[in-house]
Amino acid sequence: MKSNFSLILFLGLSLHAFAQENLSYQKPSKSILDLVDYERPPSVSMDTKKEYMLLTYRDTYKTLDDLNQDEMRLGGLRINPTTNISSSVTYTNNIKLRQIKDKNEIQVSGLPSNPRISNLSWSTNEKKIAFSNTTNSGVELWVVDVASAKATKLTEDNVNANLGNPFSWFNDNENILVKMLPQNRADLLDEKKNLPTGPIVSNASGSISQNRTYQDLLKNKTDEANFQNILTAELYKVNLNGSKTLFKSADMYAGENFSPDGNYLMITTIQKPFSYIVPLNRFPSKTVVYDLQGNEVKVVNEVALNEIMPKGFMATRTGKRNMNWRNDEAATLYYVEALDEGNPENKVDFRDQVSLWKAPFDKNPSQMLKTKQRFDGIIWGNETTAIAFDQWYDTRNTKTYLFNPSDATQDPKIFSDRNSQDIYSDPGNFETIKNAYGKPVLAIENNNLYLLGDGFTKNGQFPFIDEFNLKNEQTKRLYTSTYKDKKEELLSIEDFKKGEVLVQIQSKNEYPNYYFRNINKKDQLTAITSFKNPFESIKNVSKEVIQYKRKDGVALSGTLYLPVGYDKVKKEKLPLLIWAYPTEFKDKNSAGQNNQNPNEFTFPYYGSFVYWVTKGYVVLDDASFPIIGEGTTEPNDTFITQLVDNAEAAISAVAALGYIDRNKVAVGGHSYGAFMVANLLTHSNLFTCGIARSGAYNRTLTPFGFQSEQRNYWEVPGVYNTMSPFMNADKMKTPLLLVHGEADNNPGTFTLQTERYFQALKGLGAPARMVILPKEAHGYAAKENILHLLWEQDQFLEKYLKN
């Protein structure tokens, strides 16, 4: 069935072109279409004991009809008011189970017809799997019995999933706490029918607060009423036999979290007043702990409306935050408080303090830990061992601490002190296991901790497993992957004594598959899955990571693809496509490190130019575009210069290999990458044309910071103006294809950014074409739009680059 939607294309590429072109959806050429139109292999989830595997299937793409649904945009949410679930959910349409030791997949029986499955959740004992199913009028709760692979419906389609996962398992594995629509729920208000009773008035109190640009905020009293309506739910205790009892009456429930022993339930509710300038995560809230009968035990936190924040990424609110249960104890809360009033500019010895509060909260909380930088998380182990993290964005420093949670008088030991962007020094991630409560805690075996690392080095990627001894504090390397023609990812240690590890292995032409590896027995691998390569037509394409330097000596890299069947001896000079995204750094060493692996599976998708290896183009994908600001210098102080230097180095590196005509080079990018493209075409003559998708081009519309820029417009107007392609539109004379989703939901990249930039280019006589994709957000999802996007790019490149 043909869609009723059509694309509106605005043209500025020809003096004889009409201003608008009404164009129906198009498809790209066959070589690209064959790659786009593939069947997606299933996603995999395994239980802790690695006895069962859950296989979830979904359509490769959404359809335009999937995007064309009722939608309300309130408080930062986008929800479907008919079904009461996020309007952007990607649904699973089939699930299967498999015993891992067996190769046969078992179709789960009893599934709903035309299932739209989401929110899959294993029970604590991992014998059941709960999931939600979205009907045409609401959300149902279902459960799968793992042993029998049979699905059973537990509720009607009156579940409230507007804030995400609407249910939590009780520890008894027989009951589920479910958010359900109130029985007496009022109808939503229609803004067109409900005339305002007065103007909208906002006040500035005189306090400095530098909020970024947010999408989908509340705008008026009707929005407030509807926001309260869609969030309000009743909490029910639903038994696996289908019976249900009311647990808590209607409220705006924003979070439900059982204590590890299952005897307490911490519930957070959103409170009034609401805000028109910040989203719901900064609205007032109240957190209360209840017993399993729903009786209040203690109000443990109350948070005020948070519209006023100090400047900087390390700014935070005052009061208790990050409140959660301690995983290694039955019922102990921990929380963090700022010791610098949440203001990064205040000079203090310690930024944050972590405290413990044991249920039933009849005693005062106790201080456990202070961090010199902003708290960044804890991994609990046992009564004497835990790991804490802190970080400071301005210096990119991150520290890892080993500490005793039972003795606040003991100074924490620094396990790691490094630049967070220095991937070569990354010690890896601590391995965790599930404890008796079913919660993840540090894996501690014979006084040893274990770390699984990505293993990036200057010579390539070689993942590793380290053993850290808690007594002598020495590290021992247990395993290093030695593959040079494959990529191995270490996922988890399954048996510490036997040395069994769950891994995923792939190559540039072998789809990622799961294996058990025994690190004590050389080369012993046991295959778990055998997914096939869905992109056979490019399996033998030439692919390598090239490394080169820009003129100031900073090391750069990119993944280079040559067209299918390219003759490296004859070296025909072909057009080059560069796809990139700028990244900010505080030092040249980190900026120059290579995180690309040529053995990563070649997975073409709309977010890169890889499709075009089938069309006679050379492609440099994920080219390094570091923007560096060392010491007191900020990266964006020299943004344009570094941007052009990165591009010139990339082109020269590929040209030196003899593969390209350097007079035929195009550049593309998405979001901040689109911003990069517009600037490169404005401030250099390196490119024949460019493709910019879903970008922001006028930085005065994001005056309180953007991307990694913390300074506001009034502090550095020159930086904002120089970096804004809109402000320099009179200099842009290179053909540019602008693409944007009609419903962009990303902070800062309003669709208006592309529309106004195009109007400026058109008015100044620049060659440009603008394509607005109906119903799309910041990332594109509908097959119709993606196919047309690829057609647009293909036509554009054939016209302005190849020919």
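Notes on the structure in this doc start here.

For the rest of this paragraph, the subject is the overall build of the protein. Check the secondary structure of the protein and you find 9 helices and 50 strands. In terms of overall dimensions, the protein is globule-like: its C-alpha atoms have a radius of gyration of 28 Å, near the 28 Å expected for 803 residues. If one aligns the C-alpha atoms of the protein with their principal axes, the spans along those axes are about 75 × 75 × 60 Å. Taking all contacts inside the protein whose residues are at least 6 apart in sequence as the whole, residues at least 24 apart take part in 58%. As displayed, the protein has an accessible area near 35600 Å², and 46% of this comes from carbon and sulfur atoms. Seen as two clouds, the 91 positive and the 93 negative side-chain charges of the protein have centres 3 Å apart.

Sheet architecture is open: 4 strands sit in the order β37-β38-β39-β40, paired in antiparallel fashion. Two strands in the sheet have a free side with no partner beyond their single neighbour: β37 (487–495) and β40 (524–527). Geometrically, the sheet is characterised by an average inter-axis angle of 30° between neighbouring strands, direction not taken into account. As judged from the 7 bridges shared by strand β38 (residues 500–507) and strand β39 (residues 510–518), these two strands associate in the antiparallel manner. Bridging from a neighbouring strand, Gln504 pairs with Tyr514 of β39.

Here the focus is the nonpolar core. Ranked by size, the top nonpolar core spans 62 residues in total, and within it Ile578, Leu620 and Phe687 carry the most contacts. Take this core: its biggest share by element is 10 residues, from helix α5 (residues 639–656). Look past the residues within four positions of Ile578 in its chain and what remains in contact with it is Phe609, Leu620, Ala623, Phe625, Ala650, Ile651, Val665, Ala666, Val667, Gly668 and Phe687. Among the nonpolar cores identified, the runner-up in size contains 47 residues, and Tyr38, Trp579, Tyr606 and Leu737 belong to it.

With that out of the way, let us pick up the sheet that holds strand β25 (residues 374–380). If you walk across this open sheet you meet the 4 strands as β25-β26-β27-β28, and the pairing is antiparallel. The sheet is open, and its two edges are formed by β25 and β28 (413–419), each paired on a single side. When the angles between neighbouring strand axes are averaged without regard to direction, this sheet yields 15°. Of the pairings in the sheet, the one linking strand β26 (residues 386–392) to strand β27 (residues 397–403) comprises 7 bridges and is antiparallel in character. Residue pairing in the sheet places Gln391 in a bridge with Thr398 of β27.

This next bit is on helix α3 (residues 221–231). Counting buried positions along α3 gives 8 out of 11 residues, so the element sits mostly inside the fold. Three or more residues of α3 are buried, namely Thr222, Asp223, Glu224, Asn226, Phe227, Asn229, Ile230 and Leu231. As for α3, its buried residues are in contact with β5 (72–74), β6 (77–80), β16 (232–239), β17 (244–258) and β18 (264–270).

Turning our eyes to something else, we now look at the pattern of salt bridges. It is possible for side chains bearing opposite charge to pair when their charged atoms get close. Applying the stated criterion to the full structure yields 35 salt bridges. With a shortest N-O distance of 3.4 Å, Lys434 and Glu126 are connected by a salt bridge. Highlighted residues: Lys434 in strand β30 (residues 432–434) and Glu126 in the loop between β10 (117–122) and β11 (128–134), separated in sequence by 308 residues. We classify Lys434 as partly exposed; its relative accessible area is 41%. Here Glu126 falls in the buried class, since its relative accessible area comes to 11%.

Bringing the pairing of β39 into the picture now. Counting buried positions over the 9 residues of β39 gives 7, a clear majority of the element. The loop that links β38 with its antiparallel partner β39 comprises 2 residues. Across 4 bridges, β39 lies against β40 in antiparallel orientation. In the strand pairing of β40, Arg517 is matched with Leu525. Linkage of β39 to β40, two consecutive antiparallel strands, is achieved through a turn of 5 residues, within which Asp523 is found at a positive phi near 65°.

Turning our eyes to something else, we now look at the packing of α5 against helix α6 (residues 672–683). Running from N to C, α5 and α6 cross one another at 85°; their axes reach a closest spacing of 10 Å. Judged on the interaxial angle alone, α6 and α5 are roughly perpendicular. Taken together, the residues of α6 that come into contact with α5 (itself represented by Phe639, Ile640, Leu643, Val644 and Ala647) are Tyr672, Phe675, Met676, Asn679, Leu680 and His683. The residue inventory of the contact of α5 with α6, partitioned by class, reads 9 nonpolar, 2 polar and no charged.

Take helix α9 (residues 783–802) next. The terminal C-alpha atoms of α9, which comprises 20 residues, lie 26 Å apart, in line with the 28 Å expected from a rise of 1.5 Å per residue. Burial analysis of α9 places 14 of its 20 residues in the buried class, the great majority of the element.

Along the chain, the position of His740 falls in strand β49 (residues 736–741). We classify His740 as buried; its relative accessible area is 0%. A polar side-chain atom of His740 sits 2.6 Å from a polar atom in the side chain of Thr754. Excluding residues within four positions of it along the chain, His740 makes contact with Ser694, Gly695, Thr749, Phe750, Thr751, Thr754, Val771, Ile772, Leu773 and Tyr780.

What follows concerns the environment of Lys573. Tracing the sequence through the fold places Lys573 in the loop between β42 (555–561) and β43 (574–580). For the pair Lys573 and Leu491, spaced 82 residues apart in sequence, the C-alpha separation works out to 42 Å. Setting aside residues no more than four positions away along its own chain, Lys573 makes contact with Gly658, Tyr659, Ile660 and Asp661. One polar contact links the side chain of Lys573 to the main-chain carbonyl oxygen of Gly658, over a distance of 3.5 Å.

In this structure, Phe758 sits in helix α8 (residues 751–763). Take Phe758: its relative accessible area is 3%, and that puts it in the buried class. Separated by 440 residues in sequence, Phe758 and Thr318 place their C-alpha atoms 43 Å apart.

Thresholds applied
- Residues numbered from 1 in each chain as written.
- Predicted model: local features only at pLDDT ≥ 70, side-chain atom pairs only at ≥ 80, totals over all residues.
- Heavy atoms only, no water.
- Helix = DSSP H or I, 4+ residues; strand = E, 2+ residues; numbered from the N terminus.
- Rg over C-alpha atoms; globule rule 2.2 N^0.38 Å.
- Contact = heavy atoms within 4.5 Å.
- Areas by Shrake-Rupley, 256 points an atom, 1.4 Å probe, with all protein chains shown as cover.
- Lys, Arg positive; Asp, Glu negative; His and termini not counted.
- Charge placed at Lys NZ, Arg CZ, Asp CG, Glu CD.
- Pairing = 2+ DSSP bridges.
- Axes fitted to C-alpha atoms, helices over the stretch in contact; angles between N-to-C directions.
- Core = buried A, V, L, I, M, F, W, Y, C linked by side-chain atoms within 4.5 Å.
- Buried < 20%, exposed > 50% of the residue type's maximum accessible area, 1.4 Å probe, protein only.
- Salt bridge = Lys/Arg side-chain N within 4 Å of Asp/Glu carboxyl O.
- Parallel < 35°, antiparallel > 145°, perpendicular 65-115°, else oblique.
- Nonpolar A, V, L, I, M, F, W, Y, C, P; charged D, E, K, R; others polar.
- Expected span 1.5 Å × (residues − 1).
- Polar contact = N/O pair within 3.5 Å; in protein donor to acceptor, adjacent residues only side chain to side chain.

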